[in-house]
Amino acid sequence: MRWLGWLVSHGVVLVVGIAIGIYWLPILTKPVPADLEQVHQVAAKAQFNGRFDRNRIDSDLLHWGEGSVFIAADAIALRGELAPGPNYQLYLSPRFVETEAEFLRLKASMVHVAPVPGFGHFTVAVPSTIDVSQFSTVIVWCEAFNEFITSARYQ
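Let me sum up the structure you'll find in this document. (Residues numbered from 1 in each chain as written. Predicted model: local features only at pLDDT ≥ 70, side-chain atom pairs only at ≥ 80, totals over all residues. Heavy atoms only, no water.)

## Brief notes about the nonpolar core
Looking at soluble globular proteins, one finds that nonpolar side chains tend to be buried together. Ile 76, Tyr 88, Leu 90, Leu 92 and Val 113 are the most contacted members of the largest nonpolar core, which has 29 residues in total. Among the elements of the structure, strand E1 (48-52), strand E2 (65-71), strand E3 (75-82), strand E4 (88-93), strand E5 (111-115), strand E6 (122-125), strand E7 (137-142) and strand E8 (147-153) are those that each provide at least two residues to this core. Once you skip the residues sitting within four places of it in the chain, Tyr 88 turns out to touch Leu 82, Ala 83, Pro 115, Val 116, Phe 119, Val 140, Trp 141, Cys 142 and Ile 149. Tyr 91, Val 97, Met 110 and Trp 141 belong to the second-largest nonpolar core, a separate cluster that totals eight residues. (Core = buried A, V, L, I, M, F, W, Y, C linked by side-chain atoms within 4.5 Å. Buried < 20%, exposed > 50% of the residue type's maximum accessible area, 1.4 Å probe, protein only. Helix = DSSP H or I, 4+ residues; strand = E, 2+ residues; numbered from the N terminus. Contact = heavy atoms within 4.5 Å.)

Shown next as structure tokens:
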């Protein structure tokens, strides 16, 4: 009986430790946010802008984004922040999306832009094969856990 108690208590501590490690590792290894000057350069030439908001339907305490998003023909920038997490990807969608179910249903009609380079201000290059005017929404999606993070309608 004593061994069973030991196994259960140590098993719980192990599971909690792994969960904490999965959450904190991206925070500890995150890259330095983009210089605001880079964000301002994209904002100055942006054709569109939108707003990430913590109040999206599938956003929650651990999955959120907030701030201004600037969309230019060759770059997308965020002046704001995202909840820490692994493997965030930036997508453009022809329709507004704010839930995981909507994202998964419409993913075939979306275009992947680039990995998100951090959790603070960032800029990413838009490949020349993508015409941002053909889309209406920018989305941050966690590929590692299939989690919706945030979205912004820009037209």
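## Details of the pairing of E7
Burial analysis of E7 places six of its six residues in the buried class, the great majority of the element. Neither face of E7 is left uncovered, since the one carrying Thr 137, Ile 139 and Trp 141 and the one carrying Val 138, Val 140 and Cys 142 both have all their residues buried. Bridging between E4 and E7 involves six bridges; their strand directions are antiparallel. When the sheet's bridge partners are listed, Tyr 88 is paired in E7 with Cys 142. Bridging between E7 and E8 involves six bridges; their strand directions are antiparallel. Of the residues in E8, the one forming a bridge with Cys 142 is Glu 147. (Pairing = 2+ DSSP bridges.)

## Notes on the pattern of salt bridges
Summed over the entire model, instances satisfying the criterion amount to three salt bridges. Across the pair Lys 45 and Asp 74 runs a salt bridge, and its minimum N-O distance is 3.0 Å. Here Asp 74 lies in the loop between E2 and E3 and Lys 45 lies in helix H2 (residues 36-45), a separation of 29 residues in the sequence. Take Lys 45: its relative accessible area is 44%, and that puts it in the partly exposed class. Here Glu 143 and Lys 107 are joined by a salt bridge, their closest N and O atoms 3.7 Å apart. Placement of the pair is Glu 143 in the loop between E7 and E8 and Lys 107 in the loop between helix H3 (100-106) and E5, with a sequence separation of 36 residues. (Salt bridge = Lys/Arg side-chain N within 4 Å of Asp/Glu carboxyl O.)

## Some thoughts on the sheet that holds E5
Read from one edge of the open sheet, four strands run E5-E4-E7-E8, paired in antiparallel fashion. Two strands bound the open sheet, and with one partner strand each, they are E5 and E8. Ignoring strand direction, the axes of neighbouring strands in this sheet form an average angle of 25°. In this structure, E4 lies alongside E5, joined through four bridges in antiparallel fashion. Residue Leu 90 lies in a different strand from E5, and its bridge partner there is Ala 114. (Axes fitted to C-alpha atoms, helices over the stretch in contact; angles between N-to-C directions.)

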